[in-house]
Each structure stands twice: as C-alpha cells, then as structure tokens.
Amino acid sequence: MATEEDPLSVTLDRLTQAVTQPVENMDTIKTLISRLHSKLKVQESSCISVCGTFFPWSDYTEYFAVVVPDAEVRLSTLAKIIPPERQTLEQLVHLIEVCREPSMVTAVCSLLHDALSPSNKGDIRDIVIQTCLALNTAEVILRTLKSLSTEGLTVIEPCVHPAYQVLAKLASKDPKLAVKARLVGGVKLTHQLLQAHMKNNVPLLPLLMVTKYLAKNSTNQVMLGKDGCVATLAAILTSVPKTHWAKIKFIMEILALLTKATNVSPRLAAIVRANGQKLQSLLNYFFESNVIRLVRETGLQRVLSIFDGWEKIERRHQIKILKSILGTLSHMCDSKHGRKAVMALNGVEITQRFIQSCPADKKFDSALASATNVFLKCISKGELPVSSTRGAFKFQVANREESDSTAALSREATPGLDADSSDDELEDEMEEEEEDFDLSREMKGVDLSSEYSVERPRTEELVRLAPLFPELSNYKVQSGTRFKDVTLEARRGNVNDSSPDAGTDYYLRASDSTKSIISFVKVAYPDMIGARGPMYLEELYDKDRKVCRSKAIATVERVLHPEIYMERVVYDLDYLLESEHSRQLITPASSSSRSLSNWDEKRVGKKDVTVNHLNFESRFESGNLRRVIQASNTEYDLILNADVNSSHHHQWFYFEVSNMEPNTQYTFNIINNEKPNSEFNFGMKPVMFSVREALLGRPAWVRTGSNICYHKNHYSRIPKCHDNVRFKKSANKSYYTATFTVTFPHAYDVCYLAYHYPYTYTQLQAYLSKLDNRNLPSDIFYCSQLLCHTLNGNPVPLLTITSKDTNKTKEVVFLTARVHPGESNSSWVMEGVVDFILGGSVAARLLLDKFVFKIVPMLNPEGVIHGNQRCGLTDEDLNRRWRSPNPQLHPTICHSKSLLEYLVHVAKQKVRVFCDFHGHSRQKNVFMYGCSRLQSWWPGDKDTPDSPDFMLLPRLAQNCMGTFSLRDCHFQIERAREATARVAVWRQFDIPMSYTMEASTCGCDQGPYKNYHLSPKELIESGEGFCLALSYLVSTPEVLNSRLLQDSERVDHKFGMTKERNLGDFTKEVAFWSGELDDDLDSDDDLDLDLYGPM
Ligand SMILES: [Zn+2]
C-alpha cells in the first residue's frame, strides 16, 4: 500500500486537504504537524529537558516517545516539504494567522524552528529560509501574537518560546524586520515579554536575540528607550547567572545600540533642522535618557565590572562582549552625563588596565582600538599646541557683509540643502534608515522648481558671454577677450622650447604672475621642473597591524607621561609671517614685485651646523605647514595650516624638509587631521621628492614611508558649526594623527613630502603657455580664454577645443576640475583629457568632429595656491554652491554655470556630457557618480522615468580605463548633494549624463592596477580612457552596442548577474547597485548556534 511506501506524502496530502477548513480540522492538523515534526526533530539543547515544566506542548505525548531522527531523515523530509508546488510551508504559515490559536502557533513554530536549524546543512535550509522570508513569516507571527495578547500576556505564554525561536532565526536574515515589527506592534510586545520573562531562562535568549535586531533601527531605539528597555536589561544583567555568557552578550549588544547617540537618520535630522531647537532637544532627551537610565539602574556598574573581569568571559563570546561593552562606554562618553558616570565608576582606570594587559593576538586589535578611543574620550584633552586653530592665512573678502546675508538667507530658505558633507564623505557616520513613510510623504510637497527659479541671469546679461563661444562665430576670437589680463599677456613671452630648461622657464615665468595673499619665499623644486611619478608601478603599503597597535598604546602613554617628550618648536609659520610683516612695514613694496626662484640645487649636501634638527619650509605654492614641534631626536609633530579664513579641512599637506642625518629613520606625525579614517590605513603611502635624486637623473615623486598608520589622538578639536545640529556630540571631538616613518635616500638633501602629487595653479598656467606655443594641426580649433578672475585677482582659464568645421551643429562636452584644491589628482586626469583630444588620434578626431569641448580646468585656483584642502578664500565648499552661486563670492562657479546657461538657453545647444573631476581620499579606483531619478531623495523625481543614457558613460569607461571600477559607481541623488555640480547641473539644465568622476588618492583594488598606487601616469591615462569612453558615444550604434555587450558580459561575470539583461533594462541594474550599496548587515553566523547550543 502507498501509505507504507511513503507515509510522509500521505501526511502532506492530508495536511493539504485539512487546511482547506483549518478551524474545523484543528486537532487533525495538529496531529499531522506533530507527525511531520517527528521527522524533523533536532537534538534540543539541555535547557529544554532541564526546564521541562516550560515545555509548551507537553500534551503531545508523541514528542517524548519520538527518537530524534538522524540528519539524513531530516533532510529527506525537508526535501519533500519545500517544493513550491506542495505549498506546505505556505500552508503552515497561513495556519498561524487563520487559526489564531496559541497551540497552533506552538505547533507550527516548533516545526519551523527545527526546519530552520543550522544542522540541516546545505541548499535545502537556504530554501526554507528564503521561503519563510518570502511568506513574511516573522511579520505573521508577530501580528498573531500581538492580536492574541490583547486578551492578556498569559494567553500567549505557551507559544512565546517556539515563536521567538523562529523570529530570532529570521530576524538576522530580514533587514526590514525592525520596521515591519514596529508597524504591527511587535516592538512593544517584545519588550513586554522580555519584562515578563526576566527570570525565565528558557525564552529569554530568543527574546534577547530578537530585541537586538529590533534595536538596530533608530526609531525603535527611541521607542524601546521610552518603554524602559534599558531598565529591563539592567535588571536582567543583575539577575542572569554569571555563566550565561550568550545572554550577557546579547544584553551588551542591545545596550550598545540603545546608548548610541548618533542614530538619527539624515532625513530625520533634516526634519529636525527644519523644525528647530524644540524637536532637537526633545530627541536629545530621548537619547540622553537611555544613557541616564543605564546609570540610574546601576547597569553601568555591572557593565564595568564585567569589563574589569574580561579575562573570565567565556572564550567564544569574549571579543563580541568586549566590543559591545566598549561600544556602550564609547556612547556613554559622548554625553557629559555619561562621561561623568563612567569616570566616577573608575571606567578610565579599568579601560587603561585593559589597554595595558590586552593580549597581542590579532583578534583583540579592534577591542584595543575601541578602548583607546574610550580612554581618549574621557581624559581632559589638551588644546592643539598652536596660537589659534584659525588658519594663518587671512583674506579680507570685499562686500562680505552684504554677500553673507544673502548667503545666509538662501541657506535659511532651504534647510538641509547645505549640509557640509562632501562627495568623498560617503563615510558619513550617520546610519541610513531604509524607510520613513511619513517623511517621504512630506517630501513630496517640497516644490523644488521654486527653489531653483531664483537668480537666473537675464538673456541680455548672458549675451555678454558671446565672446567666450568663438566656435559659434566661425572661430573668430574677438580681440580683447583672449587673456585680456595684462599681466598674463606680458608673461607669455617667448620661451625657447628647444632649450633644456624650457619647462623650468615656463614655470618660473608663470609663477611671476601668480598672486598669493602672503609672500611666498620660493618656488618648490619639483613643481619647477614638472616632476611626476616614477616609470614603474608602486605597490600599496602592506599594513603592519603591530604598528597600529603600538601607536595606539603610545598615544595613551603620551597622555600619561607627557614629560618624556621634547616639545621643541622648530618651524612656526605664524612667527615667520609676523616677522615678514614687520619687515615689510620697514621696507614697504619690496617683496611684491620680487621674482620667486629656487636654490635647492645649491643647498644639497650642505649641513646646517647652526641647528641639530630637521629644517622645514612650506611658504611656497600649495604648501601648508603651520608649525613643527620636535618630540624626540627623530620624531616630529606637524600641524597643518587650515584653509584660508577657516579652522578646518586639514588633510592635504606639502612641505620641504632638509638637514637630515645619514641613515636615520625620521617619524612624522601630522596631528591635526579631522576625518575619522584615511587611506593611510588601507595601503596609501605619502609621496616624497629628493632634489639630490633629481640631480642624479631620477627626478620623480616616489611613494615613501613605513610604519604608516592613521589614528585618533589626544588633542581636542573645535566642532564645525553644523556638528551640533547633526547630533554629533561634538564637545569632545579629537583630532587624528597620520604617522609615517621616512629614511631619506641621502644625507643633507632637500626633500619634499606631500599627501599626493602636487599640481599647482602655476603648473596649469605653464602647461597652457606651452599649448599656446605648440603647433597644432590647422583643422583643430584650440582657444584658451579668460573666464573670470578669482577673488584675489588670479585669472581663471577657459578652454574651447573642437574641429574647425563650421557646417555642423555639434553637441557640447563640458568638463571641470579641481573645485577641491586638495584633490590634485583631478588636475592630472584633466591634463590627460586635454592632451588626448589635442593628440590627433582617430578617436580624438572623431571626438572633435562631433563635440565642442568647453573646459574649466581649475575651478578653485585660490584654494590650490594657498594649500587648502577643500575651500577657496571664503571658507565655503565651492562644490556646495552650484545651486545658486553668488557672483561676488563664487565667481568661478557663477561664470561656469552661466556658460551652461548660455549654451542651453541662448545658443540652444545640447550639452551631452557634464563631468566634474575630483579626487577621493577614502576609496580606491576611479569611478563616477551619476544621477538616477529612480534613486532620488525627492519623490517627485520618480514620476518621470530615467533617461536610458544616465549610466552609459560609466559603463563605457569600465572598458576604456584600467583604473575604472563600475562597481564603485553610484547614481543616487541625495538631498545633501543638491548643490553639487553634478546634481545642480542635472536638475537645472536637464542633462542626463551629468557626472562626478572620482580618482583615488591611493590606488586600485581591482583591475590591472590592483594593489598598486596611482601616479600621474595612471591618472593621465585615466583622462585618456575617459575620452575613449566619450568617443564611443559618437561611434556607430553597432560599435557602441558591441562595447556595451562586452561590458555586460564583464559585469555579469563579476557579479553573477543574469545574461538575459538587455541593454534597456536599467531598472534591474539600478536595483542591483543600490542593493549592493545598502547591504551593511553584519553577519551573525554564530547566532544560529547560540539558539541551539548551551546558554
Ligand atoms: Zn572633491
């Protein structure tokens, strides 16, 4: 008989039949389920049998009679249950809700729990998990429990354990559960159950696990805090047996989440900004209260005592518990109240003891780093040893007051749009929250068109720009427009190109007319001779974890024993500027007309006998050293100059060093960096140039340094004005140290050290002078004109390049670079672009035939000249001013934008591509940001479908550039990026192919340059690759498609995407990219084991 051959199939068939009338057949169904379950039963952990009284389905006597089946039986049973046509899982989940009966919930969940057990290895279990997720099982269970619990918590008592076991398993796999649970009332319910089972060992573990996942969502954190969850956890922590480490681990993890102080989503933060102080203090209160509660409930005391006895923690939980404890302490220390409590309970001493006794094992590295962080947050920090953190260079901005008030007004009118985060600051510490239904509804009401309607220049104003479009008037460059700047004209005298020093001559001539707000003392040697990288590739730095470890311990030691350091000032820009100033008062006007030069060659090999330390200098273009303090014979602390008129943005550095002893290792600590992390921790080396090496015939910047590390230090940092609004408890911020050790190649040499290969404004001018003198083919139209002047009177060049072919209507490619002065790599890329299109190749001819190139190679000359990292002369990020630039304060942005305005509204020309070149300090490779309507923050954008072109250029670039990584591209339109060139140009001129192209300051982690640094050679090559990609845009459709097909294959291969994806199917692609980017779930593999393993 069939039943004998396959009783399981019969059971399943009967189940299918019975569920058609579930309520009537309840008892039959339960019997069938228990029969199924007997085939899936997994060996339970000891707790179940020990705590038999809580065994919720004790009336099923069958369970106790069953011999636990072996793995094979279980897997073959599962294999019969999971086929979709059987619909068994669907029926089971369905039963939970339709029966709405505790014993049914128990029966189904017990079965699911065993079906989901990690002991069912392989694909089958994955299918069970995926099916359960697709059936929204967790939501169904929570909704049913919530509905049953309205009659009292005791009603659901029997099913709490099996239900939460299943929830715990699914929670780790379902990133949306935290939100779904809130919407069905599951967050409050879980906390109520946690309170009810505080001393009940059996369901406590799964309840804690689920709570942890719910607490990952910032809204839930507020909710749980309000409900008194911290008090509940503190109470559990006191009562839980000291050996139940799994439970303690989860309690610690939840506490670390609840005490987090920066968990407001950017969107919520924007709303808070818009609603002012009241809402902010309300939110602060909630976050604060979690910290206060932990103190009040003596939870902190228990946390610290576990920390103090960390060696007793069971091995397999040790690191996780330490990490959570340190996370909680770190969050506590972000608030004044919390910090006081930590210190009062000897938290600093306990942390210090941990640091000193921390094992050398690698797995403790992150705990050590966190402990150092907590220590630094607690100790009262010293000020940076400098007279004022405000930059040493000051610039009086004309009309500042008037302009300021308009700027302030425009800022006020559009709250949230001027957040100071940057393109290359996607690391933004704030956690993204996936959804917020109410918010998006509110956003829909924002009328963006009205925000953009302001300040459009009238047509008659635009008409004045006509001379800047010689290509539109038969290539006639009208007299007076081509470098009408007199000084510029004068210096472009004839250089004899055949002389060996032609490059140097070009540079020195150009340098004469570069205006700076302080008197420079020299021209830097590498700039003067046009130094680049070496001919070979340089490997990324292989980080030594022991170095970072010892640096962390040294930071703590330095605080505890400051007396062993030398603290001798050996370079002081403020003093030098002051003495220069007083000298000028005595003999005025002598320095301004002085030509700068360089005498480094004469200094090489000569020891400065008057001092016994290194000598430093940085009063040259793009130099930015503020102060150097000698800490020991061979160690120096360096303070960088802030951006002009600013106290911030330290990252770029460029300085000269001399008087080095032979065979000596010198350590340089740059101690006032602000970013929380750096590529110096991920393989980047700084660059060094040796004049002696140059004289020996090897004139190149080379990557240098060992013992490289980037870490927090003990100097306190003044917060930026935005910090408070953004919920960073900034009162106790630290600076960061970039440290590296250099052994110079020669004694008594003159060397230069820089963050990245410098590219000065003068270098650009010298390059353009050379182009002016170059004999270009007669059919190429090349013209460099004056776009405008900077605030300090330096001319800003505009290049127009196309072919001399008057009969065609051409499309425009508009390129800009170097809006951020610290991103010198973008200038090298731009040089690659210009060289390529003037280079006469087939692709270049094709490009010039179809396109007019309008190029603004340097949007921020003042920032470049003065060694700034991010701003110009007004302490403003010019790439946050594209939405409505102020003609007085942001002339370069204003004029560039007017050109686009002219092209679109007056000349009615199509701008096919806009691209702004940048450098990225936190990511590897070259990549682009584009604009996808589908991925816009503003719901109104999604009403119109994306142009099929928006991803085209990055996809082509993937095939044309060895450095390029399509994987690193993204196409989101974030609210905080509305005023960047990419988004503003996309939105206001309706240019679908509007991009930011980022080149890493470090190197590549994929492609042919994987594990190598990028040098000017690869950057120039990337510029060429960019042009090649452009050339495919104007090639025949067949060529273009074959390129893209190739691209699809490569992408498919790399990321396992489906081959069927056709070229127009961008939606899938977009979803793929965004999914890739948002996926930051921490894997919790051992979580499964906790549920089944010992306590
Ligand atoms: Zn940038």
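Remember, predicted model here, so these are calculated numbers, not experimental data.

## With respect to the overall build of the protein chain
Argument step 1. Secondary structure summary: the protein chain contains 46 helices and 18 strands in total.
Argument step 2. The buried share of the protein chain, reckoned over its 1095 residues, is 60%.
Argument step 3. Here the contacts in the protein chain between residues at least 6 apart in sequence split such that 81% fall between residues at least 24 apart.
Argument step 4. In the form shown here, the protein chain has an accessible surface area of approximately 43000 Å², with 52% of it arising from carbon and sulfur atoms.

## Things to note about the pattern of salt bridges
Where charged atoms of side chains with opposite charge meet at close range, the side chains can pair.
Argument step 1. If you walk through the whole model with that rule in mind, you get 37 salt bridges.
Argument step 2. For Lys188, the salt bridge goes to Asp227, with nearest N and O atoms at 3.4 Å. Taken together, the residues span a long stretch of sequence, with Lys188 in helix α13 (residues 186-196) and Asp227 in the loop between α15 (218-226) and α16 (229-239) at a distance of 39 residues.
Argument step 3. By relative accessible area, which is 40% here, Lys188 ends up partly exposed.
Argument step 4. Ionic pairing is found between Glu253 and Lys212, a salt bridge with its closest N-O pair at 3.1 Å. Here the residue Glu253 occupies a position in helix α17 (residues 245-258), and Lys212 occupies one in helix α14 (residues 201-214), the gap between them amounting to 41 residues. As far as burial versus exposure is concerned, Glu253 and Lys212 are alike and both buried.
Argument step 5. Overlapping salt bridges bring together Lys522, Asp600, Arg603 and Glu656 as one network.

## Some remarks on the coordination of the zinc ion
The textbook angles at a metal center are 109.5 degrees for a tetrahedron of four donors and 90 or 180 degrees for an octahedron of six.
Argument step 1. Coordination sphere of the zinc ion, protein contribution only: His820 (ND1), Glu823 (OE), Glu823 (OE) and His918 (ND1), at 2.1 to 2.4 Å.
Argument step 2. One can describe the site at the zinc ion as irregular: its four donor atoms subtend angles covering 57 to 151° at the metal.
Argument step 3. The sequence motif formed by the donor residues of the zinc ion is H-x2-E-x94-H. Taken together, the residues Glu823 in the loop between β14 (811-817) and α37 (825-837) and His918 in strand β16 (residues 911-920) connect sequence positions 95 residues apart. One exposure class covers both Glu823 and His918, and it is buried.

## What to know about the pairing of strand β12 (residues 780-789)
Argument step 1. Across the ten residues that make up β12, a large majority, nine, are buried.
Argument step 2. Two strands pair when backbone bridges link them, and β12 and strand β13 (residues 795-803) are joined in this way by nine bridges, in the antiparallel orientation. Note that in β13 the partner of Cys783 across the bridge is Thr800.
Argument step 3. Following β12, the chain reverses through five residues before pairing antiparallel with β13; Gly793 in that reversal takes a positive phi of roughly 85°.

## Quick look at the environment of Arg955
Argument step 1. Structurally, the position occupied by Arg955 is in helix α41 (residues 952-960).
Argument step 2. For Arg955 and Ala1029, which are 74 residues apart along the polypeptide, the C-alpha to C-alpha distance reads 8.6 Å.

## So, the packing of aromatic side chains
Argument step 1. Inspection of the entire model under this criterion finds 33 aromatic pairs.
Argument step 2. Their ring planes at 50° and their centres at 6.3 Å tell us that Tyr654 and Tyr752 sit as a pair that is tilted. Placement of Tyr654 in strand β5 (residues 654-658) and of Tyr752 in strand β11 (residues 750-754) is noted, with a sequence separation of 98 residues between them.
Argument step 3. The class of Tyr752 is buried, set by a relative accessible area of 0%.
Argument step 4. Ring plane angle 5° and centroid distance 5.8 Å describe the contact between Tyr710 and Tyr736, whose orientation is recorded as stacked. Taken as a pair, Tyr710 in strand β9 (residues 706-716) and Tyr736 in strand β10 (residues 734-743) lie far apart in primary sequence, 26 residues in all. An identical accessibility class is assigned to Tyr710 and Tyr736; each is buried.

## Some thoughts on the nonpolar core
Argument step 1. Core analysis: the largest hydrophobic core is formed by 134 residues, its most contacted members being Phe616, Phe668, Phe853 and Phe1026.
Argument step 2. With eight residues, helix α43 (residues 1016-1033) is the single largest residue contributor to this core.
Argument step 3. In contact with Phe1026, other than residues within four places in its own chain, are Leu815, Val833, Cys915, Phe917, Met928, Leu953, Met961 and Met997.
Argument step 4. Counting residues in each nonpolar core, the second largest holds 114 residues, with Val93, Leu142, Cys229 and Ile306 among its members.

## Concerning the side chain of His890
Argument step 1. You can see His890 is positioned in the loop between α39 (861-865) and α40 (891-906).
Argument step 2. Excluding residues within four positions of it along the chain, His890 makes contact with Glu876, Leu878, Arg881 and Pro885.

## Quick look at the sheet that holds β12
Argument step 1. Reading across the sheet, the seven strands line up as β12-β13-β15-β14-β16-β18-β17 and stay open at both edges, with mixed pairing between neighbours. Unpaired on one side and paired on the other, β12 and β17 (926-929) mark the two borders of the sheet. Adjacent strand axes in the sheet meet at a mean angle of 20°, parallel and antiparallel pairs treated alike.
Argument step 2. Across the face of the sheet, α37 comes into contact with β13, β14, β15 (851-856), β16 and β18 (994-1000) while running at roughly 140° to β16.
Argument step 3. Strands β14, β15, β16, β17 and β18 of the sheet are contacted by α43, whose axis makes an angle of about 160° with β16.

## A closer look at the side chain of His920
Argument step 1. Secondary-structure assignment places His920 in strand β16.
Argument step 2. By relative accessible area, His920 is classed as buried at 1%.
Argument step 3. Within the local environment of His920, its side chain forms a polar contact with the backbone nitrogen of Gln923, the two atoms lying 3.1 Å apart.

## A few points about the confidence of the model for the protein chain
Argument step 1. In this model, the protein chain carries a mean pLDDT of 82, and residues with pLDDT of at least 70 account for 80%.
Argument step 2. This stretch, residues 721-731, has a pLDDT under 50; its non-local contacts, to residues over four places away or in other chains, come to 31 contacts.
Argument step 3. Within the model, pLDDT remains below 50 along residues 1048-1095, and this stretch shows 91 contacts once partners closer than five positions in the same chain are excluded.

## Examining the pairing of β18
Argument step 1. Judged by how many residues are buried, β18 sits mostly within the fold: seven of seven residues are covered.
Argument step 2. Residues of β18 alternate between two faces, with Ser994, Thr996, Glu998 and Ser1000 on one and Tyr995, Met997 and Ala999 on the opposite face, all of them buried.
Argument step 3. Pairing geometry for β17 and β18, over four bridges, is antiparallel. Across the sheet, residue Phe927 finds its bridge partner in β18, namely Glu998.

## Some remarks on unusual backbone geometry
Argument step 1. In this structure, Asn925 takes a positive phi of about 75° despite not being glycine.
Argument step 2. Positionally, Asn925 belongs in the loop between β16 and β17.
Argument step 3. Judged by relative accessible area, Asn925 falls into the buried class, the value being 0%.
Argument step 4. The residue Asp990 is not glycine, and still its phi comes out positive at about 55°.
Argument step 5. Among the secondary structure elements, Asp990 is positioned in the loop between α42 (981-989) and β18.

## Considering the environment of Lys515
Argument step 1. Looking at the secondary structure, you find Lys515 in the loop between α30 (502-512) and α31 (525-528).
Argument step 2. Distance in space between the C-alpha atoms of Lys515 and Asn792 is 7.2 Å, their sequence separation being 277 residues.

## Section: the sheet that holds strand β8 (residues 701-703)
Argument step 1. The strand order across the open sheet built from five strands is β2-β5-β11-β7-β8, with neighbouring strands paired in antiparallel fashion. What marks the edges here is a single partner per strand, and that holds for β2 (615-617) and β8. The sheet shows a mean angle of 30° between the axes of neighbouring strands, direction not considered.
Argument step 2. Note: β2 against β5, three bridges, orientation antiparallel. Directly across from Asn615, in β5, lies its bridge partner Ser658.

## Brief notes about the environment of Leu258
Argument step 1. When you line up the elements, Leu258 lands in helix α17.
Argument step 2. The buried category is assigned to Leu258, whose relative accessible area is 1%.
Argument step 3. The spacing of Leu258 and Lys216 is 42 residues in sequence and 8.4 Å in space, taken between C-alpha atoms.
Argument step 4. Excluding residues that lie within four positions of it along the chain, Leu258 makes contacts with Ala215, Gln221, Leu224, Cys229, Val230, Leu233 and Asn290.

Basis of the calculations
Residues numbered from 1 in each chain as written. Predicted model: local features only at pLDDT ≥ 70, side-chain atom pairs only at ≥ 80, totals over all residues. Heavy atoms only, no water. Helix = DSSP H or I, 4+ residues; strand = E, 2+ residues; numbered from the N terminus. Buried < 20%, exposed > 50% of the residue type's maximum accessible area, 1.4 Å probe, protein only. Contact = heavy atoms within 4.5 Å. Areas by Shrake-Rupley, 256 points an atom, 1.4 Å probe, with all protein chains shown as cover. Salt bridge = Lys/Arg side-chain N within 4 Å of Asp/Glu carboxyl O. Donors = N, O, S within 2.8 Å, 3.2 Å for Na, K, Ca; no water. Tetrahedral: all angles 85-135°; square planar, octahedral: opposite > 155°, others 65-115°. Pairing = 2+ DSSP bridges. Phe/Tyr/Trp six-rings, centres within 6.5 Å; stacked < 30°, edge-to-face > 60°. Core = buried A, V, L, I, M, F, W, Y, C linked by side-chain atoms within 4.5 Å. Axes fitted to C-alpha atoms, helices over the stretch in contact; angles between N-to-C directions. Polar contact = N/O pair within 3.5 Å; in protein donor to acceptor, adjacent residues only side chain to side chain. pLDDT = per-residue confidence, 0-100.

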